[in-house]
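# Close look at the chain arrangement
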Amino acid sequence: MTRESSASPLIFGGDAQSPRAALPVLPPLALYIHIPWCVRKCPYCDFNSHTASPVLPEEEYVDALLADLDQDLHAVYGRELSSIFFGGGTPSLFSALALGRLLKGVEQRIPFASDIEITLEANPGTFEQDKFVAYRALGINRLSIGIQSFQQEKLKALGRIHNGDEAVRAAGMARQAGFDNFNLDLMHGLPDQSLDDALSDLRTAIALKPTHLSWYQLTLEPNTVFWNQPPTLPEDDTLWDIQEAGQALLAEHGYAQYEVSAYAQPGRAARHNLNYWSFGDFIGIGAGAHGKLSHPDGRIVRTWKTRLPKDYLNPAKQFQAGEKALTNDEMPFEFLMNALRLTEGVEARLYPERTGLTLESLAEARREAEQSGLLQVEPSRLAATERGQLFLNDLLQKFLT
């Protein structure tokens, strides 16, 4: 899995049950497809991934994905897909035949935009040239490759199944297969990592000329091996030095930071993820997938699917495990926890367009955040200052009760 993926704020414009305005325009619609299997579970990974058996149930899972999608179609009738993202797990474990049948089935149900972005996550240990040529022929036009590091001792500590040479070859094979748009996923703050180690990884990645880099710090998440058996991570001063030097190196080579951990060449920002961060809509299908859909009457509903693959494939069980309609008092935090991750924020008009609430309803919390130096004083935008980016949690607290 790469990383390209609520609380109660102040009362804005009425109580939680007050009706909000109908949405004048529905936001772009995306589709997230979760493939939950991987070769081996990494010790830092808290995503819904499960070690694959020797034979994957490809046909059964594709059938289940399409049946799952059928149950969501009533909420998106008449809309088209702007992007699709295959996440996991390791989606590149699936054959081109299986993914082709799935994409054909999706397009029969929901029309694709003429310029649709279709991203597939892949790990270097699963790269096969013919397989990726076939993926490209299906219409998959973007890859996100989970490198994490090019250094063998770091890859071993992270439990990765590839080595540094395979990581380098994977980028070349992606380009040879016809992918002129691909992301490399890279971590820093790794066990016993020095500043030189981190910059060496970054220079190697840049030399491969990806159009996009996801560069983020390793964090210890609950319910992982690393949480229960923590490795020795760099000191805070070293982490800060890595962050500053790495951002300068990326900027020097033309990678503009547009989100907390996302850097892209001009025009190559991940459109699927931009949709998430600008409070767009997305259907989520697959084991443990989440979705968020807006309705013309102003309702905004988040959904989540049953998590375990065996339950997801069980005809006696429901695909959907739960849903929640967002209340008015949850809306500011829900919107801003995404939008303020973007370095330039979003146009202020998106808030009423995508929540049905007025900009005036944000006035008190917005003024306090501006006075604290965390939010830019810019009437036409909602954007964090440089300080606000560093203390994003503190900024978001301004929009909580």
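Quick look at the structure, then. Remember, it's a predicted structure, so these values are computed and weren't measured experimentally.

## A look at unusual backbone geometry
Cis geometry marks the peptide bond from glycine 88 to glycine 89, where omega comes out at 20 degrees. Tracing the backbone through its elements, the reader meets glycine 89 in the loop between strand E4 (81–88) and helix H2 (96–109). Backbone geometry at glutamine 148 places phi at a positive 70 degrees, although glycine is not the residue there. On the secondary structure map, glutamine 148 appears in strand E6 (residues 142–148). When its relative accessible area of 0% is taken as the criterion, glutamine 148 is described as buried. If you check the backbone angles, phenylalanine 279 has positive phi at about 65 degrees while not being a glycine. Tracing the sequence through the fold places phenylalanine 279 in the loop between helix H9 (271–277) and strand E11 (281–285). Taking the relative accessible area as the measure of exposure, phenylalanine 279 reaches 1% and is therefore buried.

## Structural notes on the environment of phenylalanine 85
For phenylalanine 85, the position within the fold is in strand E4. Overall, phenylalanine 85 belongs to the buried group, its relative accessible area being 4%. As for phenylalanine 85 and phenylalanine 127, which are separated by 42 residues in sequence, their C-alpha atoms are 18 Å apart.

## What about a negative patch on the surface?
The grouping of Glu235, Asp236, Asp237, Asp241 and Glu244 at the surface amounts to a negative patch. Structurally, aspartate 237 can be placed in helix H8 (residues 236–252). Taking relative accessible area as the criterion, aspartate 237 reaches 62% and is therefore assigned exposed.

## What about the packing of aromatic side chains?
Taken as a whole, this structure holds 13 aromatic pairs when the rule is applied. Arranged with centres 5.0 Å apart and planes meeting at 80 degrees, the rings of phenylalanine 132 and tyrosine 135 form a pair that is edge-to-face. Of this pair, phenylalanine 132 and tyrosine 135 both sit in helix H3 (residues 129–137), three residues apart, which is roughly one turn of the helix. Residue phenylalanine 132 shares its accessibility class with tyrosine 135, and that shared class is buried.

Cut-offs used in this document
- Residues numbered from 1 in each chain as written.
- Predicted model: local features only at pLDDT ≥ 70, side-chain atom pairs only at ≥ 80, totals over all residues.
- Heavy atoms only, no water.
- Helix = DSSP H or I, 4+ residues; strand = E, 2+ residues; numbered from the N terminus.
- Buried < 20%, exposed > 50% of the residue type's maximum accessible area, 1.4 Å probe, protein only.
- Patch = residues over 30% accessible without salt bridge, like charges linked within 9 Å, V, L, I, M, F, W, Y side chains within 5 Å.
- Areas by Shrake-Rupley, 256 points an atom, 1.4 Å probe, with all protein chains shown as cover.
- Salt bridge = Lys/Arg side-chain N within 4 Å of Asp/Glu carboxyl O.
- Lys, Arg positive; Asp, Glu negative; His and termini not counted.
- Charge placed at Lys NZ, Arg CZ, Asp CG, Glu CD.
- Phe/Tyr/Trp six-rings, centres within 6.5 Å; stacked < 30°, edge-to-face > 60°.

Without other data, these values stay purely geometric and don't point to any function.
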